[in-house]
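Here are the chains, one letter per residue:
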Amino acid sequence: VVLLDRTGRKVVPTEAGKLLLQRTRRILAAVEDTSRAMARYRGLEEASLTVGASNIPAGYMIPFAVSSLIERHPGVSVTVMTGDSSDVVAQLEREEIEIGVVGTQFATQRVSFTSLGHDRIGLIVPASHRWYGRRKVPLKDLAVESFITRESGSGTRKTVEEALSGAGVDPRALTVRACFGSNEAVKNAVAQGIGIAFVSELSVQKDIKSGDLAVKPVQGLKISRSFFLAYRKGRQFSPPAVAFKEVLKEIFGGTPSDFKSQGRTGIKR
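Residue numbering note: each chain is counted from 1, following its sequence as written. The predicted origin of the model limits local features to residues at a pLDDT of at least 70 and limits the giving and counting of side-chain atom pairs to 80 or more, whereas totals for whole chains, interfaces and linings rest on all residues. Hydrogens and water molecules were not included; the side-chain quantities draw on all heavy atoms of the structure.

Strands are runs of DSSP state E lasting at least two residues, helices are runs of H or I lasting at least four, and both sets are numbered from the N terminus onward. If you tally the helices and strands in the chain, you get 8 helices and 11 strands. Our radius of gyration looks at C-alpha atoms and nothing else; its globule reference is 2.2 Å times the residue count to the power 0.38. For 269 residues, the compact-globule estimate of 2.2 N^0.38 gives 18 Å, and the C-alpha radius of gyration of the chain, at 27 Å, exceeds that figure by more than 25%. For the chain, the spread of C-alpha atoms along the three principal axes comes to 105 × 40 × 30 Å. The contact definition used throughout considers only heavy atoms, calling two residues in contact when any of these lie within 4.5 Å. For the chain, contacts bridging at least 24 residues in sequence account for 75% of all contacts bridging at least 6. Using a 1.4 Å probe, accessible areas were evaluated by the Shrake-Rupley method; residue-level cover was limited to the displayed protein chains. Here the chain displays about 14,700 Å² of accessible surface, and carbon together with sulfur accounts for 51% of that area. In this tally Asp and Glu are treated as negative and Lys and Arg as positive; neither His nor the chain ends contributes. Taken as the charge location is NZ of Lys, CZ of Arg, CG of Asp or CD of Glu. Positive and negative charge centroids in the chain, built from 39 and 27 side chains respectively, lie 3 Å apart.

What follows concerns the environment of T159. Mapped onto the elements of the fold, T159 is located in helix 5 (residues 155-166). Throughout, exposure labels follow a simple rule: accessible area from a 1.4 Å probe, protein chains only, divided by the maximum for the residue type, with under 20% read as buried, over 50% as exposed, and the rest as partly exposed. For T159, a relative accessible area of 11% gives the class buried. For the pair formed by T159 and R225, sequence separation is 66 residues and the distance between their alpha carbons is 6.8 Å. Not counting residues within four places of it along the chain, the set of residues in contact with T159 comprises G103, I121, I223, S224 and R225. From its side chain, T159 meets the backbone oxygen of G155 in a polar contact 2.9 Å long. Counting of polar contacts relies on pairs of N or O atoms within 3.5 Å, with two restrictions inside protein: one atom must be capable of donating a hydrogen and the other of accepting it, and residues adjacent in sequence are counted only when both atoms are side-chain atoms.

What follows concerns the packing of helix 3 (residues 62-72) against helix 8 (residues 239-251). Look at helix 3 against helix 8: their axes get within 9 Å of each other, and the N-to-C directions meet at 125°. It follows that helix 3 is oblique to helix 8 by the angle criterion. Handedness of the helix 3/helix 8 crossing: right-handed. For the pair helix 3 and helix 8, contact is made by I62, F64, A65, V66, S68, L69 and R72 and by A243, F244, V247, L248, E250 and I251, respectively. Partitioned by chemical class, the residues of the contact of helix 3 with helix 8 number 10 nonpolar, 1 polar and 2 charged. Note on definitions: angles span 0 to 180 degrees between N-to-C directions of axes, and those axes are lines fitted to C-alpha atoms, for helices only across the stretch in contact. In this scheme, roughly parallel covers angles under 35 degrees and roughly antiparallel covers those over 145, while 65 to 115 is roughly perpendicular and the rest are oblique. A crossing counts as left-handed when the near helix is turned anticlockwise from the far one by less than a right angle, and as right-handed when that turn is clockwise. Three categories are distinguished: nonpolar for Ala, Val, Leu, Ile, Met, Phe, Trp, Tyr, Cys and Pro, charged for Asp, Glu, Lys and Arg, and polar for the others, with Gly belonging to the last.

On to a nonpolar patch on the surface, then. A surface patch of nonpolar side chains, amounting to about 500 Å² of accessible area, comprises V1, L3, L4, V11 and L20. In this fold, L4 is placed in strand 1 (residues 4-7). On the basis of relative accessible area, L4 is assigned to the exposed category, the value being 52%. Candidates for patches are residues over 30% relative accessible area with no salt bridge; among them, like charges are joined within 9 Å and nonpolar side chains (Val, Leu, Ile, Met, Phe, Trp, Tyr) within 5 Å. Counted as salt bridges are all cases of a side-chain nitrogen of Lys or Arg within 4 Å of a carboxyl oxygen of Asp or Glu.

A few words on the pairing of strand 7 (residues 146-150). Across the 5 residues of strand 7, 5 count as buried, placing the element largely inside the fold. Direction of pairing for strand 7 relative to strand 8 (residues 175-180): parallel, over a ladder of 5 bridges. Bridged to T149 within strand 8 is C179. Viewed along the sheet, the connection from strand 7 through helix 5 into strand 8 turns out right-handed. The pairing criterion for strands is at least two bridges between them, as found by DSSP. By convention a crossover is right-handed if, when the strands point away from the viewer, the path from the first strand over the helix to the second runs clockwise.

Relative to the helices and strands, V11 resides in strand 2 (residues 10-13). Residue classification places V11 among the partly exposed residues on the basis of a relative accessible area of 43%. In this structure, V11 is in contact with L4, D5 and R6, ignoring residues within four places of it in sequence.

Let us now look at helix 3. Residues of helix 3 that are buried: I62, A65, V66, S68 and L69. For helix 3, the angular spread of buried residues about the axis comes to 165°, placing them on one side. Buried positions along helix 3 lie against strand 3 (47-53), helix 2 (55-60), strand 4 (76-82), strand 5 (99-102) and helix 8. Directions drawn from the helix axis to the C-beta atoms are what define this arc.

On strand 5, burial covers both faces: I99 and V101 on one face and G100 and V102 on the other are all buried. As judged from the 4 bridges shared by strand 5 and strand 11 (residues 223-232), these two strands associate in the antiparallel manner. Along strand 11, the bridge assignment pairs I99 with Y231.

To continue, consider the nonpolar core. Only buried residues count toward a nonpolar core, which is a set of Ala, Val, Leu, Ile, Met, Phe, Trp, Tyr and Cys residues joined through side-chain atoms within 4.5 Å. In terms of nonpolar packing, the biggest core is built from 27 residues, with M61, I62, L69, V101, L202, F244 and L248 touching the most fellow members. Taken together, the elements giving at least two residues each to this core come down to strand 3, helix 2, helix 3, strand 5, strand 11 and helix 8. Of all the elements, helix 8 adds the most residues to this core, at 6 residues. Counting 19 residues, the second-largest nonpolar core is a separate cluster that includes L123, W131, L164 and F198.

All right, on to the environment of V218 then. Relative to the helices and strands, V218 resides in the loop between strand 10 (213-216) and strand 11. For the pair V218 and L116, spaced 102 residues apart in sequence, the C-alpha separation works out to 26 Å. Setting aside residues up to four positions removed in sequence, V218 forms contacts with L123, V137, P138, L139, L142 and F198.

Below, the structure is given as structure tokens:
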């Protein structure tokens with residue numbers, strides 16, 4: 001294709017040359033814009049992050065971390081995908097999210113787990129329950145109660161079943177009246193008198209303070225679990241993921257259940 005015409009001492013573009021010039025200018029402008037965008041991304045001036053979180057972290061940890069992240073880096077936007085722990089790990093394996101916070105580890109070749117603080121799991125009863133005023137509950141008395149549980153795949157449920165089995169109680173022998181897919185639904189069901197439940201103590205601080213629910217120690221049974229930062233093996237963290245990971249470790253490097261309401265975030269740093 002002829003791009004230039006020579007007319008005497010002048011060189012002028014042909015129609016094909018004009019067309020190529022227009023397209024080239026657009027390409028160069030796009031390259032410059034991309035370069036500026038990548039620079040903003042590296043400096044967290046303009047970046048997005050997709051995070052996965054299981055029920056408890058999504059409701060009681062992630063909002064504080066996102067608030068702190070955006071306060072430090074206003075150009076970052078965060079999307080949080082919520083599911084049970086197995087859902088979050090599956091999303092990581094499908095590369096639908098970059099980083100996750102879950103309540104249990106799974107055997108997988110594609111995802112790594114790093115401990116991120118600890119949580120206590122306690123037995124909650126409503127104010128109308130006969131155990132509400134008790135200091136402790138005998139382990140054997142669990143067999144005569146009705147329970148509310150989380151769904152299969154929940155980190156809380158997995159931890160509770162393992163602890164009960166370790167204490168000599170078959171989880172399958174307990175009377176389960178209802179099973180719910182969220183911690184809030186479990187708490188509401190307990191408050192309605194449907195049954196009692198083992199839940200994260202991190203999630204019931206306000207309910208205990210108000211007197212609607214009480215956590216009852218069970219003799220011979222102590223349940224705790226770790227939260228984990230989950231991420232794909234062999235993949236480099238993006239700048240917003242690095243910043244988010246640092247915020248999580250800074251805030252929740254201790255034991256979340258021990259954090260008391262202090263300041264704007266309700267988290268003791």
